[in-house]
Amino acid sequence: MICIRDVSFSYFGGEADRWALRDIDLDIKQDEFIAFLGPNGSGKSSLSKLLNGIEWPTEGSITVDELSTTDPADIPSVRRLVQIVFQNPENQQVGVTVGEDISFGLSNIGWPHHDIRNRIRWVLDLVQLNVDEDRLVSQLSGGEKQKLALASVLALSPRYLILDESTSMLDPIARSQFVDTLHAARKEHPFAIIYITHHLVEVLHADRLVLFKEGRIHQIGKPDDILTDEDLLTSCGLELPFDRSLALSLRKAGIPISVSPSIEELRKWL
Ligand SMILES: Nc1ncnc2c1ncn2[C@@H]1O[C@H](COP(=O)(O)OP(=O)(O)O)[C@@H](O)[C@H]1O
Ligand SMILES: [Mg+2]
């Protein structure tokens, strides 16, 4: 479990009025799919950087499976347990070839050459990236590059995987393939997902949604509770997928349609 206790954070060491995060209290379970939502600048990325010890809380504390994110003796383990896939895969790629990219992190933690080769094949299969390990990274499409970024972190067996707007540079088809791949990989090899996005459609099946606003947790709850409150969503800069929004309008007009209707149900009531 990740335990975030009374955390406030400033990039400027706690100067008044320049807080990126304020009074955050949250536990994230090891098997959870949790989403961080909210407008730009609301603190989502800052909190992710605190979770794997890239930045340290100005106040309060964070532990990951009882390891402190600020104890130098614990940090190497924390960084392995909590991995981040960022928005732009190119900022994350370190190898010239697909195989080199995946092996980089594994060699760093001392994996033998033979095991690395097996691991590369295993993880390419896991993320359904059907390319040769000698393939040049520069020849991959955007969607393939993002799958490679996912493969390179999954090779390290994270317990908590943060996806910080990882799909925002992908077209809708590549985006939905990436999301499917992620969930398929998670079934085979469980890990918690901390999913940061502006696309609500990607988090309809999350266990919990956390809405951030101005560096604070504004609301937290199950998707079916949060995603029926359009005023709340609008105030956090979020837009419901069309079918959900339509269902809410129909409900307001007294039609007893469910909040998450199937296409058939929508068709029937329309
Ligand atoms: N490297 C940085 N240095 C100084 N301020 C930053 C830095 N990164 C983010 N901030 C500020 O911290 C606040 C939270 O930003 P961020 O965590 O990036 O939000 P989000 O990911 O929700 O868009 C914003 O006010 C932003 O301007
Ligand atoms: Mg961000």
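Since this is a predicted model, take the numbers as computed values, not measurements.

A few words now on the overall build of the chain. When helices and strands are counted, the chain shows 10 helices and 10 strands. Rg of the C-alpha trace for the chain: 20 Å, near the compact-globule value of 18 Å for 270 residues, within the 12% margin. Taking all 270 residues of the chain together, 49% fall into the buried category. Counting contacts in the chain only where the partners sit at least 6 residues apart, residues at least 24 apart contribute 61% of the total. For the chain, the exposed surface amounts to about 13,200 Å²; the carbon and sulfur share of it is 49%.

Moving on, we get to the sheet that holds strand β4 (residues 59–64). Taken together, four strands build an open sheet; the order of strands is β2-β1-β4-β5 and the sheet is antiparallel. Each having just a single partner strand, β2 (21–28) and β5 (67–68) make up the two edges of the open sheet. Here strand β1 (residues 2–9) pairs with β4 via five bridges, running antiparallel. In the sheet register, Ile-4 faces β4, and the bridge partner there is Ile-62.

Applying the stated criterion across every chain yields a total of three aromatic pairs. Pairing Phe-36 with Phe-212 gives two aromatic rings, centres 5.1 Å apart and planes at 65°, and the pair type is edge-to-face. You can see Phe-36 sitting in strand β3 (residues 33–37) and its partner Phe-212 sitting in strand β9 (residues 208–213), a full 176 residues away along the chain. Above the face of the Phe-12 ring, Arg-18 is positioned so that its terminal group lies 3.7 Å from the ring centre.

Another point: helix α5 (residues 142–154). An α-helical segment advances 3.6 residues per turn. Residues three or four places apart therefore align on the same side. Relative to the 18 Å expected for 13 residues at 1.5 Å per residue, α5 spans 18 Å between its end C-alpha atoms, a close match to the ideal helical length. Most of α5 sits out of view: 11 of its 13 residues are buried. Among all positions of α5, only Gly-143, Lys-145, Gln-146, Lys-147, Leu-148, Ala-149, Leu-150, Ala-151, Ser-152, Val-153 and Leu-154 are buried. Tucked inside the fold, the buried residues of α5 contact β6 (82–85), α3 (98–108), α4 (113–126), β7 (160–164) and α6 (172–188).

What follows is about the site of ligand 1. Around ligand 1 lies a shell formed by Tyr-11, Phe-12, Ala-20, Pro-39, Asn-40, Gly-41, Ser-42, Gly-43, Lys-44, Ser-45 and Ser-46. Gly-41 has a polar backbone atom sitting 2.7 Å from an oxygen atom of ligand 1. At a separation of 2.7 Å, an oxygen atom of ligand 1 approaches a polar side-chain atom of Lys-44. Residues of the shell around ligand 1, tallied by class, amount to four nonpolar, six polar and one charged.

Looking now at the pattern of salt bridges. Scanning the model with the defined rule gives 11 salt bridges in all. Between Asp-224 and Arg-244 there is a salt bridge, with the nearest N and O atoms lying 3.8 Å from each other. Highlighted residues: Asp-224 in helix α7 (residues 223–226) and Arg-244 in helix α9 (residues 242–252), separated in sequence by 20 residues. Judged by relative accessible area, which is 8%, Arg-244 ranks as buried. Overlapping salt bridges, with partners in common, bring together Arg-117, Arg-121 and Glu-133 in one network.

Here we come to the nonpolar core. When a protein is soluble and globular, its nonpolar side chains tend to lie buried together. Membership of the largest hydrophobic core comes to 51 residues, with the highest contact counts inside it found for Ile-102, Leu-150, Leu-154, Leu-161, Leu-163 and Val-203. It is α5 that provides the largest number of residues to this core, a total of six residues. Shared between two domains, this core holds at least three residues of each, these being domain 1 (2–239) and domain 2 (240–270). Ignoring any residue separated from it by four or fewer positions in sequence, one finds Leu-163 in contact with Val-85, Leu-150, Phe-178, Leu-182, Ile-193, Ile-194, Tyr-195 and Ile-196. Ala-20, Ile-28, Ile-34 and Ile-62 belong to the second largest nonpolar core, which has 27 residues in total.

This part covers the domain arrangement of the chain. Domain boundaries assigned for the chain yield domain 1 (2–239) and domain 2 (240–270). The gap between the C-alpha centroids of domain 1 and domain 2 is 32 Å. Listed as interface residues are 10 residues of domain 1 and, on the opposing side, seven residues of domain 2. For the domain 1 and domain 2 pair, buried surface summed over both sides reaches about 770 Å², with 58% attributable to carbon and sulfur atoms. Among the residues of domain 1 in contact with domain 2, Leu-204, Thr-228 and Glu-230 are the three that bury the most area, contributing 52% of the side total. Our enumeration of links across domain 1 and domain 2 arrives at two salt bridges.

Calculation criteria
- Residues numbered from 1 in each chain as written.
- Chains lettered and ligands numbered in written order.
- Predicted model: local features only at pLDDT ≥ 70, side-chain atom pairs only at ≥ 80, totals over all residues.
- Heavy atoms only, no water.
- Helix = DSSP H or I, 4+ residues; strand = E, 2+ residues; numbered from the N terminus.
- Rg over C-alpha atoms; globule rule 2.2 N^0.38 Å.
- Buried < 20%, exposed > 50% of the residue type's maximum accessible area, 1.4 Å probe, protein only.
- Contact = heavy atoms within 4.5 Å.
- Areas by Shrake-Rupley, 256 points an atom, 1.4 Å probe, with all protein chains shown as cover.
- Pairing = 2+ DSSP bridges.
- Phe/Tyr/Trp six-rings, centres within 6.5 Å; stacked < 30°, edge-to-face > 60°.
- Lys NZ or Arg CZ within 6 Å of the ring centre and 35° of its normal.
- Expected span 1.5 Å × (residues − 1).
- Near = heavy atom within 4 Å.
- Polar contact = N/O pair within 3.5 Å; in protein donor to acceptor, adjacent residues only side chain to side chain.
- Nonpolar A, V, L, I, M, F, W, Y, C, P; charged D, E, K, R; others polar.
- Salt bridge = Lys/Arg side-chain N within 4 Å of Asp/Glu carboxyl O.
- Core = buried A, V, L, I, M, F, W, Y, C linked by side-chain atoms within 4.5 Å.
- Domains from an automatic or database assignment.
- Buried area = accessible area lost by both parts, 1.4 Å probe.

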